[in-house]
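One-letter residues, chain by chain:
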Amino acid sequence: MSNIEWDEKTFSRFAYLGDPRINGSLAVYTLTKANMEDNKYESTIVIENLKTGSRRFVDNASMPRISPNGRKLAFMRSNEEKKASEIWVADLQTLSAKRVLTAKNIRSIQWNDDSRRLLVVGFKRRDDDDFVFEDDIPAWFDGMGFLDGEKTTFWVLDTESEEIIEEFEKPRFSSGIWHGDAIAVNIPHREDSKPALFKFWDILLWNEGEEKKLFERVSFEAVDSDGKSLLLHGKKEKRFMSEHDWLYIWDGGLKSVYEGPLSAGQARLDGGKAYFTLADAGRVNLYLWDGEVKPITVGDHWVMGFDAHEGKVAALIDTATRLRELYIYDGKLKQLTDYNGPIFSKLKTFEPRHFRFKRGDLEIDGWYLKPELKEEEKAPVIVFAHGGPKGMYGHYFKYEMQLMASKGYYVVFVNPRGSDGYTEDFALRVLERTGLEDFQDIMNGIKEFFKLEPQADRERVGITGISYGGFMTNWALTQSDLFKAGISENGISYWLTSHAFSDVGLWYDVEVIGPNPLENENYRKLSPLFYAKNVKVPLLLIHSLEDYRCPLDQSLMFYHVLKDLGKEAYIAIFKKGPHGHSMRGSPRHRSKRYKLFIEFFERKLKEYKEGFDAEKILKSGGD
């Protein structure tokens, strides 16, 4: 009998692959495991020889980068004692390695074509022990903390002499890549002294202290170069950040690579060709442009990351029932790794069942997982609302969904208007109307689901979501009597304070909710807080203290108002973890979150128990 089953700790059994790179017969990636005992994640770099099938490993390492000549591997190591990052360079034949740089704040590294110099992009701050000081916006950013006068730093590191031979600074949120021996730098464009973050960029070439402006106030960034051409991701000019991203090549003139109905994701240049992903109705597939666009992968999966070199591609591919593994494409796609196969062979997984329905002039996609049921047995339902609003559900592995299906729940999820993976018009229809037609799309999806599954219990429906999905959960409980319980995570309850408090509120909220926040009635009309009296069912609010995207005030306000009105509400505040704490929190943090998630719905949708004693639940294993 297997000792592996779905519970709050099953995630720690899986291997998580990331950051794939390929060069000739070598493919490298990071392999991360959760160490529950020490409450940390441990990353190893794996070096795959595609010819011999052999593997080699570099412990305590991440961010692998193969030199263009295929002889060296640069990587990062964390020095916890010094609270710094280290860059190491290893010989790929012997794996003997040397440390070439120790620095406090490093964000990216990239080899020059000479296989000797590294471009190191990092940042510096004031770093006063007693206070932070700011004269720009935003003052903080999710996953980065208080910016404290941050500047982006660019270093050219000679790995032979182990010396920084060139350095310069640019404004915060800048980025850069090698373009031959020059550096293409993306700098946030400023309008009326305010940065036009996430919408407009200036792009310049920096070469030994000389700067040349290539583009001003454009909505694309330079994301890759082959030394002759730059690959640009975005648009020439956007009205809204929520518009789709396209691809262009600049080689002295600008030419289109992709200007299609879908939004382009990750992109790479290789030998004058461009590889890129497209989000498409719940799928993310890989495409090649060589003068025309051709699909490389076609299927019900998500390409979660890839790299390309000399016509070969290394890609990480997720499905709804399997975590990502490494695949190699060299004219034919084949799976290279199977780290999680033995674990999944011991677990029952649930394949999503797809359905579509019309709402007005739109076709909406929905899916559901059906639990194992006896004939005529009724089962409760949990509705998941995705983040964004320009997020997307579909054919990728979602731990909470598999977990709750294994516990006997139907799991329903829908891509309402505003979602990615469809036309740009579909994505933009939610602007200044959030919570209106998009919420009705979800409700219509639930109605359609009930037609398909008579064993689904209409009297036991819960709803949950994170970020925009947290907002949608708060909104749903104030707008409908269908739901009998909700778990809202890192969500929005009052758009005005979100506008003023969130790291992206000054840009994001004025697009999604509307301009003139201090005067616009949308900021009250579309805020769940002002409908709190309508909540009739138990609500668990989960939030992470270090979330600067949807800060803690959002859940805390809603909690206080609900309690003051005599409603059944609970709040769990995790002391660490950014906005994406559900995936980026420490192993124990994630385990406790999953436990609270399971037990709240068990008590409110199955056992009808009053109260929710989190301390007792976590200590006693839920008894």
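Residues numbered from 1 in each chain as written. Predicted model: local features only at pLDDT ≥ 70, side-chain atom pairs only at ≥ 80, totals over all residues. Heavy atoms only, no water.

**Q** Summarise the overall build of the protein chain; cite the residues concerned and give the values.
**A** When helices and strands are tallied, the protein chain shows 12 helices and 39 strands. Relative to the 2.2 N^0.38 estimate, which gives 25 Å for 623 residues, the radius of gyration of the protein chain is 25 Å and therefore close to what a compact globule would have. Along the longest, intermediate and shortest principal axes, the C-alpha atoms of the protein chain span 70 × 65 × 55 Å. Split into buried and exposed, the 623 residues of the protein chain put 60% on the buried side. In the protein chain, the proportion of contacts linking residues at least 24 apart, taken out of those at least 6 apart, comes to 55%. Each charge class in the protein chain can be summarised by its mean position, and for the 88 positive and 98 negative side chains these summaries are 4 Å apart. (Helix = DSSP H or I, 4+ residues; strand = E, 2+ residues; numbered from the N terminus. Rg over C-alpha atoms; globule rule 2.2 N^0.38 Å. Buried < 20%, exposed > 50% of the residue type's maximum accessible area, 1.4 Å probe, protein only. Contact = heavy atoms within 4.5 Å. Lys, Arg positive; Asp, Glu negative; His and termini not counted. Charge placed at Lys NZ, Arg CZ, Asp CG, Glu CD.)

**Q** So, the pairing of strand β39 (residues 569–574): which residues are in play, and what are the values?
**A** In the sheet, strand β38 (residues 539–544) pairs with β39 via 6 bridges, with the strands oriented parallel. Across the sheet, Leu-541 pairs through a bridge with Ile-571, a residue of β39. The β-α-β motif built from β38, the intervening helix α9 (residues 553–564) and the parallel element β39 has right-handed crossover chirality. (Pairing = 2+ DSSP bridges. Right-handed = clockwise from strand over helix to strand, strands pointing away.)

**Q** Got a sec to walk through empty space enclosed by the protein? Specific residues and values, please.
**A** The final tally for this structure, using the stated rule, is 2 cavities of 30 Å³ or more. Looking at the largest cavity, its volume works out to about 50 Å³. Taken together, Ala-320, Phe-350, Pro-352, Leu-369, Gly-394, Tyr-396, Phe-397, Lys-398, Met-401, Gln-402 and Phe-413 form the lining of the largest cavity. Of the residues in the lining of the largest cavity, the class split is 8 nonpolar, 2 polar and 1 charged. If you add up the space inside the second largest cavity, you get close to 40 Å³. Lining the second largest cavity, in full, are Phe-384, Ala-385, His-386, Val-414, Pro-416, Ile-442, Tyr-468 and Met-472. Only β34 (379–385) and α5 (468–479) provide two or more residues apiece to the lining of the second largest cavity. Looking at the lining of the second largest cavity residue by residue, the class counts come to 7 nonpolar, 1 polar and no charged. (1 Å grid on protein atoms, 1.4 Å probe; cavity = no way out; pocket = protein on both sides within 12 Å on 5 of 7 lines; lining within 4 Å. Points joined across faces, edges and corners; volume = space filled by probe spheres on them. Nonpolar A, V, L, I, M, F, W, Y, C, P; charged D, E, K, R; others polar.)

**Q** A description of the pairing of strand β37 (residues 485–489) should follow, citing residues and the corresponding values.
**A** Of all 5 residues in β37, 5 are buried; the element is thus mostly enclosed. Judged by which residues are buried, β37 turns out to be covered on both faces: Ala-485, Ile-487 and Glu-489 on one side and Gly-486 and Ser-488 on the other are all buried. With 5 bridges joining them, strand β36 (residues 456–466) and β37 adopt parallel strand pairing. Opposite Gly-462, over in β37, you have Ala-485 as the bridge partner.

**Q** Tell me what's going on with the layout of surface pockets, and back it up with residues and numbers.
**A** In this structure, the second largest pocket encloses a volume near 360 Å³. Glu-191, Lys-194, Lys-199, Trp-507 and Val-510 are the residues nearest the centre of the second largest pocket, which is lined by 15 residues in total. Elements that contribute at least two residues to the lining of the second largest pocket include exactly β18 (194–195) and α7 (505–512). Per-element tally for the lining of the second largest pocket: the top contributor is α7, with 4 residues. In terms of residue class, the lining of the second largest pocket is made up of 9 nonpolar, no polar and 6 charged.

**Q** Describe helix α11 (residues 587–607), naming the residues involved and giving the relevant values.
**A** Here α11 is 21 residues long and its end C-alpha atoms lie 28 Å apart, about the 30 Å a rise of 1.5 Å per residue gives. Of all 21 residues in α11, 17 are buried, a share of seventy percent or more. Among the residues trailing α11, Tyr-608 stands out with phi positive, at a value near 55 degrees. (Expected span 1.5 Å × (residues − 1).)

**Q** Tell me about the sheet that holds strand β14 (residues 163–171), and name the residues and values.
**A** Spatially, 4 strands are ordered β9-β10-β13-β14 in an open sheet, and the strand pairing comes out antiparallel. Lying at the two open borders of the sheet, with one neighbouring strand each, are β9 (106–111) and β14. Taking each pair of neighbouring strands and ignoring which way they run, the sheet shows an average axis angle of 20 degrees. Bridging between strand β10 (residues 117–124) and strand β13 (residues 151–158) involves 8 bridges; their strand directions are antiparallel. Paired with Phe-123 across the bridge in β13 is Thr-152. (Axes fitted to C-alpha atoms, helices over the stretch in contact; angles between N-to-C directions.)

**Q** Please give an account of the side chain of Asn-522 that cites residues and values.
**A** Take Asn-522: it is sitting in helix α8 (residues 522–525). In this structure Asn-522 comes out as buried when scored by relative accessible area, which is 8%. Setting aside chain neighbours within four positions, we find Asn-522 in contact with Glu-432 and Ile-513.

**Q** Give a description of the sheet that holds strand β22 (residues 246–250) that names residues and reports values.
**A** Across the sheet, 7 strands lie side by side as β15-β16-β19-β20-β21-β22-β23; this open sheet has antiparallel pairing. The outermost strands of the open sheet, each flanked by one partner alone, are β15 (175–179) and β23 (254–258). Each adjacent strand pair in this sheet contributes to an overall mean axis angle of 40 degrees, direction not counted. Pairing of β22 with β23, which is carried by 4 bridges, proceeds in the antiparallel orientation. By the bridge assignment for β23, Leu-247 is matched with Tyr-258.

**Q** How would you sum up the side chain of His-581? Please name residues and give values.
**A** On the secondary structure map, His-581 appears in helix α10 (residues 581–584). The class of His-581 is buried, set by a relative accessible area of 0%. Reaching out from His-581, the side chain makes a polar contact with the side chain of His-589 at a distance of 2.7 Å. With near-sequence residues (within four places) excluded, His-581 lies in contact with Glu-489, Asn-490, Ile-542, Ser-544, Phe-574, His-589, Arg-590 and Arg-593. (Polar contact = N/O pair within 3.5 Å; in protein donor to acceptor, adjacent residues only side chain to side chain.)

**Q** Summarise the packing of helix α2 (residues 399–406) against α11; cite the residues concerned and give the values.
**A** Two elements in contact, α2 and α11, have axes whose closest approach is 11 Å; the angle formed by their N-to-C orientations is 40 degrees. When the axis of α2 is compared with that of α11, the two are oblique. At the point where α2 passes α11, the crossing takes the right-handed sense. For the pair α2 and α11, contact is made by Tyr-399, Glu-400, Leu-403 and Met-404 and by Arg-593, Tyr-594, Phe-597, Ile-598 and Phe-601, respectively. For the contact of α2 with α11, a count of residues per class yields 7 nonpolar, no polar and 2 charged. (Parallel < 35°, antiparallel > 145°, perpendicular 65-115°, else oblique. Left-handed = near helix turned anticlockwise from the far one by under 90°.)

**Q** Let's hear about α5: which residues, and what values?
**A** Along an α-helix, residues three or four apart share an orientation, since each turn contains 3.6 residues. Its 12 residues give α5 an end-to-end C-alpha distance of 16 Å, which sits within 8% of 16 Å, the value for a rise of 1.5 Å per residue. The element α5 is largely enclosed, with a buried count of 11 among its 12 residues. For α5, every residue scored as buried is listed here: Tyr-468, Gly-469, Gly-470, Phe-471, Met-472, Thr-473, Asn-474, Trp-475, Ala-476, Leu-477 and Thr-478.

**Q** Give me the pattern of salt bridges: which residues, what numbers.
**A** Under the counting rule described, the total for this entry stands at 49 salt bridges. Ionic pairing is found between Glu-599 and Arg-603, a salt bridge with its closest N-O pair at 2.6 Å. Of this pair, Glu-599 and Arg-603 are both found in helix α11, 4 residues apart, which corresponds to roughly one turn of the helix. Both residues of the pair, Glu-599 and Arg-603, count as buried. (Salt bridge = Lys/Arg side-chain N within 4 Å of Asp/Glu carboxyl O.)

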